[in-house]
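# Observations on the three-dimensional arrangement
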2 protein chains.
Amino acid sequence: MDERTGLPIVGMVGAGQLARMTHQAAIPLGQSLRILAESRDDGAALVAADVVVGDYRSLADLRDFAAGCDVLTFDHEHVPNEHVAALAADGVAVHPGAGALCFAQDKAAMRARLAVMGVPVPRWADLSVTGDPVEALAAFGGQVGWPLVLKATRGGYDGKGVWVLDSLDDARRVIAAQTDRARQFGGDRDGGAADSAVALLAEEKVPIVRELAAVVARSPYGQGAAWCVVQTVQRDGVCVEVIAPAPGLARDRADEAQRIALRIAAELGVTGVLAVELFETAQTRPEGGYSGALLVNELAMRPHNSGHWTIEGARTSQFEQHLRAVLDYPLGATTLTAPVVVMANLLGGPDHVHPKGIDERVHHCLARWPDVKIHLYGKGMRPGRKIGHVTVLGRDPVAVRARAQAAADYLVNGDGHG
Amino acid sequence: MDERTGLPIVGMVGAGQLARMTHQAAIPLGQSLRILAESRDDGAALVAADVVVGDYRSLADLRDFAAGCDVLTFDHEHVPNEHVAALAADGVAVHPGAGALCFAQDKAAMRARLAVMGVPVPRWADLSVTGDPVEALAAFGGQVGWPLVLKATRGGYDGKGVWVLDSLDDARRVIAAQTDRARQFGGDRDGGAADSAVALLAEEKVPIVRELAAVVARSPYGQGAAWCVVQTVQRDGVCVEVIAPAPGLARDRADEAQRIALRIAAELGVTGVLAVELFETAQTRPEGGYSGALLVNELAMRPHNSGHWTIEGARTSQFEQHLRAVLDYPLGATTLTAPVVVMANLLGGPDHVHPKGIDERVHHCLARWPDVKIHLYGKGMRPGRKIGHVTVLGRDPVAVRARAQAAADYLVNGDGHG
């Protein structure tokens, strides 16, 4: 409890843009987010009053940090699950808890769990359970055909740890490289694997129509709330654009996506925001009450890129909702504030030396699009790095998308488009 | 320039709720507001990373603070005008500048200036220019009749420094008390008067229909932007509610109010947000292109309580707009996000000992009104103190007002309504 305000203190492990935007949402709730940062220069550490520098892989650092908090939550999935469990055993209120978080940390565990629930996922095989992953992959490729998708079971994000493979020869190369890398670095980024074994899974390459996301929140009390289902657009495995609501999505398919997400949140015991990334496919293979046209791709148990549009586009943003959930406050209205909302990511271009500084580009962007809302994350420009996003509200999806893309392009590239 | 972000640094003198909400708006712009606070426990100091504790009345402290900033702005009017001028002479970019700010600091200077501009104000008299203020007041009362209004020329806010007087006897008592107080404390809160003289002015008590506010912004470049004209509701001289747009306000009267505000901003050289508080009267006495039905009451050159509704209710909030203005960025769209927006202040009740803590009251408020947006300022409860506000969006002014008032009442008083 913060004696000065009479309100509980929320601690967030990690100080990236999600923590930065969560702090922004914390201010009106009378809160000041307490943040465990890797560095004083992290995006959230630049804007928050209550920042502790420490290592999220260290249980001692996590315990010191948790001691000042009434509830603990996360800006990323990389905190070792056993540390999350240890904190809970200490009596710390952790949201989401270790028992839920493991399904966002381990893609094989997630797929196995969803299969038990009867939630449709692409066909997949865990390559870590048999002796030789290449042999297992050959067998799986024989079943589902090539090309197929190889994924690191743990620690992947933004297209990292995902490979589309055309043949078993391709597979051998990637698996050998990953095994070497694991030997060198002694396990995954999240520290979950202490030995040099590399955990991989294979997945059929689904013929997708497009990608969707169903973002929901669930409170410890058990209340659930869903935003409209959105379309996400990826480039090189990285989300570049989110359109809310997903244009032309059939009502019953949208309902199904929300039902899947709320059910996963409830059955896995998720607290806070849950983002369910989905494939919409042309095929249907009805199963367990689901059409089969929607397949779950990935889960994230935190505010997620596919929900950034909610800051201006929904009555309650995903960041406010995440805070309300982890505080076990009642959840807020998820109503849209405009018929169409589009978010476009600002991704650092291939050339990070720009003739015009970001300040000048912001100036011109605001002049040209007075209604575009800019969000910068306090990061330097670097190729492919998410340095911010823009949000545009309107009526016509085509026009709104064009404005968002043009503004995002201008902010990243300036006049030179290079 | 912040080397880490490539963006200029905005410093704000004062760390109350206006700085707190400005910091919140600074985050998406890639900024982190640099704040000069009186104490680490000030509302804005609780949430911002870059806080300097110092005295806004000390030119040395102001100079030290300004050294780290690219542009300086204010959360209140109490910085001595000569210090603002000295900073500008040092080469600091100060917005608004001393030449504009003096009209928000000195009510007599403001009225004299507006009179020269032909902007309608209530009839008034400066009681400081003659030897005996009581004598001057007697003469003025003879002209405009009693009751009339006495105001401290400098340093008043939220009904403080304003007295409605029924008679010259009343006036004698108030003037004597103020003169004693000035002798004791050696001048006004803002330090503008070093001697014990008390600066007072008298004003006719206008038969008002209601109070309005026209909030606008102006950039150093000269761009102006106006939000819709709002109705403000006062209780005991303190704003309790703001309704946007002002219900039933005739189009030409709304246009006139915006025209008055934009003209004041331009002619006084205001940079940043300007709030013009207006009386709507039943009378009309046309003058210099104005209907005479609108009279200017007060000016504020900073984000203002009558603009808090813009956080959710307008495409660009007054806090973002103030930042854009002081950075000389182009101003943002001021479009409403809903047909009706109502803001209700949370004013500490007469009994500050509540059976339920604020945390529990927030919990129940969010449960009952999932669409109500709560803003808490990080302040303890104290009778009459503005500890936060709520905002509600909707279609029907009567229903939206009722929701906002009920939520505000619940947050302050809890179940007990006491």
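Residues numbered from 1 in each chain as written. Chains lettered and ligands numbered in written order. Predicted model: local features only at pLDDT ≥ 70, side-chain atom pairs only at ≥ 80, totals over all residues. Heavy atoms only, no water.

## With respect to the overall build of chain A
The secondary structure content of chain A amounts to twelve helices and 17 strands. Over its C-alpha trace chain A gives a radius of gyration of 21 Å, about what one expects of a compact globule, namely 22 Å for 418 residues. Dimensions along the principal axes, computed over C-alpha positions, put chain A at roughly 60 × 50 × 45 Å. Buried positions account for 60% of the 418 residues belonging to chain A. Here the contacts in chain A between residues at least 6 apart in sequence split such that 63% fall between residues at least 24 apart. Accessible surface computed for chain A: about 15400 Å², of which carbon and sulfur atoms make up 50%. Each charge class in chain A was averaged separately, 41 positive and 49 negative side chains, and the resulting centres sit 4 Å apart. (Helix = DSSP H or I, 4+ residues; strand = E, 2+ residues; numbered from the N terminus. Rg over C-alpha atoms; globule rule 2.2 N^0.38 Å. Buried < 20%, exposed > 50% of the residue type's maximum accessible area, 1.4 Å probe, protein only. Contact = heavy atoms within 4.5 Å. Areas by Shrake-Rupley, 256 points an atom, 1.4 Å probe, with all protein chains shown as cover. Lys, Arg positive; Asp, Glu negative; His and termini not counted. Charge placed at Lys NZ, Arg CZ, Asp CG, Glu CD.)

## Concerning the confidence of the model for chain A
Residues and elements named next belong to chain A. Confidence along chain A averages 92 in pLDDT terms, with 94% of residues attaining 70 or more. Here residues 187–196 is a poorly scored stretch, pLDDT under 50, and it has 20 contacts once near neighbours within four places are set aside; other chains count. Interface confidence for the predicted complex, given as ipTM, is 0.94, next to a pTM of 0.95. (pLDDT = per-residue confidence, 0-100.)

## As for the interface of chain A and chain B
Often the size quoted for an interface is simply the accessible area lost on bringing the parts together. Listed per partner, the contact involves 46 residues of chain A and 46 residues of chain B. Both faces considered, chain A and chain B share a buried interface measuring about 3900 Å² in area, 59% of it formed by carbon and sulfur atoms. Counting the surface chain A buries against chain B, the share from its top three residues, Arg4(A), Ile27(A) and Arg315(A), is 15%. Inspection of the chain A/chain B interface yields four salt bridges. The partner of Lys373(B) in a salt bridge is Glu320(A), with the nearest N and O atoms 3.0 Å apart. Elements that contribute at least two residues to the side of chain A that touches chain B include exactly α1 (17–26), α10 (318–326), α11 (358–368) and β16 (373–376) of chain A. Sort the elements by how many residues they give to the side of chain A that touches chain B and α11(A) lands first, with six residues. Per-class residue counts for the side of chain A that touches chain B are 22 nonpolar, 14 polar and ten charged. (Buried area = accessible area lost by both parts, 1.4 Å probe. Salt bridge = Lys/Arg side-chain N within 4 Å of Asp/Glu carboxyl O. Nonpolar A, V, L, I, M, F, W, Y, C, P; charged D, E, K, R; others polar.)

## Notes on empty space enclosed by the protein
As enumerated under the stated definition, the model contains four cavities of 30 Å³ or more in all. Estimates place the volume of the largest cavity at around 770 Å³. Gln24(A), Ile311(A), Glu312(A), Gln24(B) and Ile311(B) are, among the 36 residues lining the largest cavity, the residues nearest its centre. Of all the elements in the fold, those that place two or more residues in the lining of the largest cavity are α1, α9 (310–313), α10 and β16 of chain A together with α1 (17–26), α9 (310–313), α10 (318–326) and β16 (373–376) of chain B. Grouping the constituent residues of the lining of the largest cavity by class yields 17 nonpolar, eleven polar and eight charged. Quantified by volume, the second largest cavity comes out at close to 50 Å³. The wall of the second largest cavity is formed by Asp2(B), Thr5(B), Leu7(B), Pro8(B), Ile9(B), Gly30(B), Gln31(B) and Ser32(B). (1 Å grid on protein atoms, 1.4 Å probe; cavity = no way out; pocket = protein on both sides within 12 Å on 5 of 7 lines; lining within 4 Å. Points joined across faces, edges and corners; volume = space filled by probe spheres on them.)

## So, the nonpolar core
The tendency in soluble globular proteins is for nonpolar side chains to be buried as a group. Residues and elements named next belong to chain B. Counting 49 residues, the largest nonpolar core has Val13, Ile264, Leu274, Val296, Leu299 and Met301 as its most contacted members. Of all the elements, helix α8 (residues 251–267) adds the most residues to this core, at six residues. Excluding anything up to four places from it in sequence, Val296 contacts Leu114, Val119, Pro120, Val121, Pro122, Ile260, Ile264, Val276, Glu277 and Leu278. (Core = buried A, V, L, I, M, F, W, Y, C linked by side-chain atoms within 4.5 Å.)

## Describing the relation of the copies chain A and chain B
When chain A is fitted onto chain B, the two copies agree to an RMSD of 0.0 Å after a turn of 180° and an axial shift of 0.0 Å. One copy is carried onto the other by what is essentially a two-fold rotation axis. Of every C-alpha in chain A, the one belonging to Ala49(A) sits nearest the axis of rotation, 2.2 Å from it. Interface residue correspondence from chain A to chain B reaches 100%, placing this contact among same-surface, isologous pairings. (Least-squares fit on C-alpha atoms with pLDDT ≥ 70 in both.)

## Side note on the side chain of Gln24(B)
With respect to the secondary-structure elements, Gln24(B) resides in helix α1. Taking the relative accessible area as the measure of exposure, Gln24(B) reaches 12% and is therefore buried. Excluding residues that lie within four positions of it along the chain, Gln24(B) makes contacts with Gln24(A), Ile27(A) and Pro28(A).

## Looking at the sheet that holds strand β7 (residues 162–165) of chain A
Residue and element names in this part refer to chain A. As summarised here, the arrangement of the four strands in space is β5-β8-β6-β7, forming an open sheet in which the pairing is antiparallel. If you trace the sheet from one side to the other, it starts and ends with β5 (124–126) and β7, each paired once. Between one strand axis and the next, the sheet turns through 20° on average, direction left out of account. In this sheet, β7 lies alongside strand β6 (residues 148–152) in antiparallel orientation, the contact comprising four bridges. Looking at β7, one finds that Leu150 is bridged to Trp163. (Pairing = 2+ DSSP bridges. Axes fitted to C-alpha atoms, helices over the stretch in contact; angles between N-to-C directions.)

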